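Per-entry structural report
Chain by chain, the residues:
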Amino acid sequence: MAIIGQDISQAKNFLKAGKLVAIPTETVYGLAGNALNTAAVASIFETKNRPSFDPLIIHTSSIERVDDFVGEFPEPLYKLAKKFWPGPLTLLLPRKSNVPDLVTSGLEKVAVRVPDHPLTNSLLEILDFPLAAPSANPFGYISPTTAKHVQDQLGEKIPYILDGGSCQVGLESTIVGMENDQLFIYRLGGLEVADIEKIVGLVQIKNHSSSNPQAPGLLESHYAPRKPFLLGNLDELVSNHLRGKKRFGVMSLSKTFKDVKVEYQKQLSPSGDLKEAAQNLFGFMRYLDEQNIEVILAEEMPVEGLGNAINDRLKRAAAEK
Ligand code: TXA
Ligand code: MG
């Protein structure tokens, strides 16, 4: 199993040797390797079992260091970086030729972000290369928000997990880029659309996958538990399942169900706070996936703020595999 610790110089040594280290961020844990070392990047894909057409995000410690691997920084995107980095925002920027093709799946733009976690930011500062890091889960499964989640699934394949506690945001970064002069959001995430629009005006949302398989790896089914995951009107779903024979679990925003065992029901936020719901989402999905039940029933969140990004994850979890 992987060593779990908080020693950034040990993490640095593994990374310098081309090995992979799981790193905490404010969004989810990442599976990190030297972004400029093709062999290290290849082993990220292999370890996650990720198809090579799904490109990776490069993590660095400051806006200045982006110049090391990015050609040009369009003004509106620079404004967003100034405002929201470090933070849950990923920008698609023209890459320099030192970025391996494998990182971008051959695309001309590279995804970049400065994460916001003290341990990972200190690590990035002492490295002389940036880190490519997808979420540290097997491809298609729920993203990890604790070191233990990573250990449970990838512990046998990597030497070290940097333990930074539970992720504060709990949803992956929001991905923003430009086509011609238009700003697009390619993945809804931990940074709210309204906050972005306050800085750069209206943006278009292109949060879908099927039409564009290589952009934000947003394949229809993703972030998914192994158990069937049904999304709908919870009262109806629960009463139908109470009549059936299958053991089931429930994930609601705040509702409780008196006929369902307490350990088989999870409230994302008893007070209805979407930020708290986002923090709990992936951990609770995993928890229910591990219970002795056959199906998980869930409901969508209010369509506001982070509710949109949470609903995106819920729909993908419910999509047919
Ligand atoms: O919060 C996050 O973004 C986390 C933490 C670890 O930083 N990372 C993360 O990485 O969610 P990953 O690999 O699970 O998701 C990255 C998404 C993928 O859907 C990928 O398709 C998209 O970013 N992406 C990466 N590079 C891209 C590019 N050059 N053009 C378009 N989409 C890109
Ligand atoms: Mg992922």
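Here's what I pulled together on the structure shown here. Since this is a predicted model, take the numbers as computed values, not measurements.

Examining the pairing of strand 5 (residues 89–94)
Judged by how many residues are buried, strand 5 sits mostly within the fold: 5 of 6 residues are covered. With 3 bridges joining them, strand 5 and strand 9 (residues 174–179) adopt parallel strand pairing. What sits directly across from Leu-89, in strand 9, is Thr-174. Strand direction decides the pairing type here: strand 5 and strand 6 (residues 109–113), joined by 4 bridges, are antiparallel. When the sheet's bridge partners are listed, Pro-94 is paired in strand 6 with Lys-109.

Remarks on the environment of Ser-52
If you trace the backbone, Ser-52 turns up in the loop between helix 2 (38–48) and strand 4 (57–59). Sequence separation between Ser-52 and Ser-122 is 70 residues, and the spatial gap between their C-alpha atoms is 29 Å. Sequence-distant contacts of Ser-52, defined by excluding residues within four places in its chain, comprise Phe-45, Leu-102 and Ser-105.

Thoughts on the nonpolar core
Of all hydrophobic cores here, the largest spans 82 residues; its most connected members are Leu-80, Trp-85, Leu-91 and Met-251. In terms of residues, this core owes the most to one element, helix 9 (residues 274–290), which gives 8 residues. Ignoring anything within four residues of it in the chain, the contact list for Leu-80 reads Trp-85, Leu-89, Leu-91, Val-176, Leu-183, Ile-196, Ile-199 and Val-200. In terms of nonpolar packing, the next biggest core, distinct from the first, is built from 14 residues, Leu-15, Leu-123, Leu-131 and Ala-133 among them.

Regarding the sheet that holds strand 15 (residues 295–298)
In spatial order, the strands read 12-15-13-14; together these 4 strands make up an open sheet with parallel pairing. What marks the edges here is a single partner per strand, and that holds for strand 12 (229–231) and strand 14 (265–267). Averaged over all pairs of adjacent strands, the angle between their axes in this sheet comes to 20°, without regard to strand direction. Examined bridge by bridge, strand 13 (residues 248–252) and strand 15 share 4 bridges and lie parallel to one another. Bridging from a neighbouring strand, Met-251 pairs with Ala-298 of strand 15. Lying on the sheet, helix 9 is in contact with strand 12, strand 13, strand 14 and strand 15; it crosses strand 13 at an angle near 170°. Sheet contacts for helix 10 (residues 306–318): strand 12 and strand 13; angle to strand 12, the most-contacted strand, approximately 130°.

Reading guide: rules and limits
Residues numbered from 1 in each chain as written. Chains lettered and ligands numbered in written order. Predicted model: local features only at pLDDT ≥ 70, side-chain atom pairs only at ≥ 80, totals over all residues. Heavy atoms only, no water. Buried < 20%, exposed > 50% of the residue type's maximum accessible area, 1.4 Å probe, protein only. Helix = DSSP H or I, 4+ residues; strand = E, 2+ residues; numbered from the N terminus. Pairing = 2+ DSSP bridges. Contact = heavy atoms within 4.5 Å. Core = buried A, V, L, I, M, F, W, Y, C linked by side-chain atoms within 4.5 Å. Axes fitted to C-alpha atoms, helices over the stretch in contact; angles between N-to-C directions.

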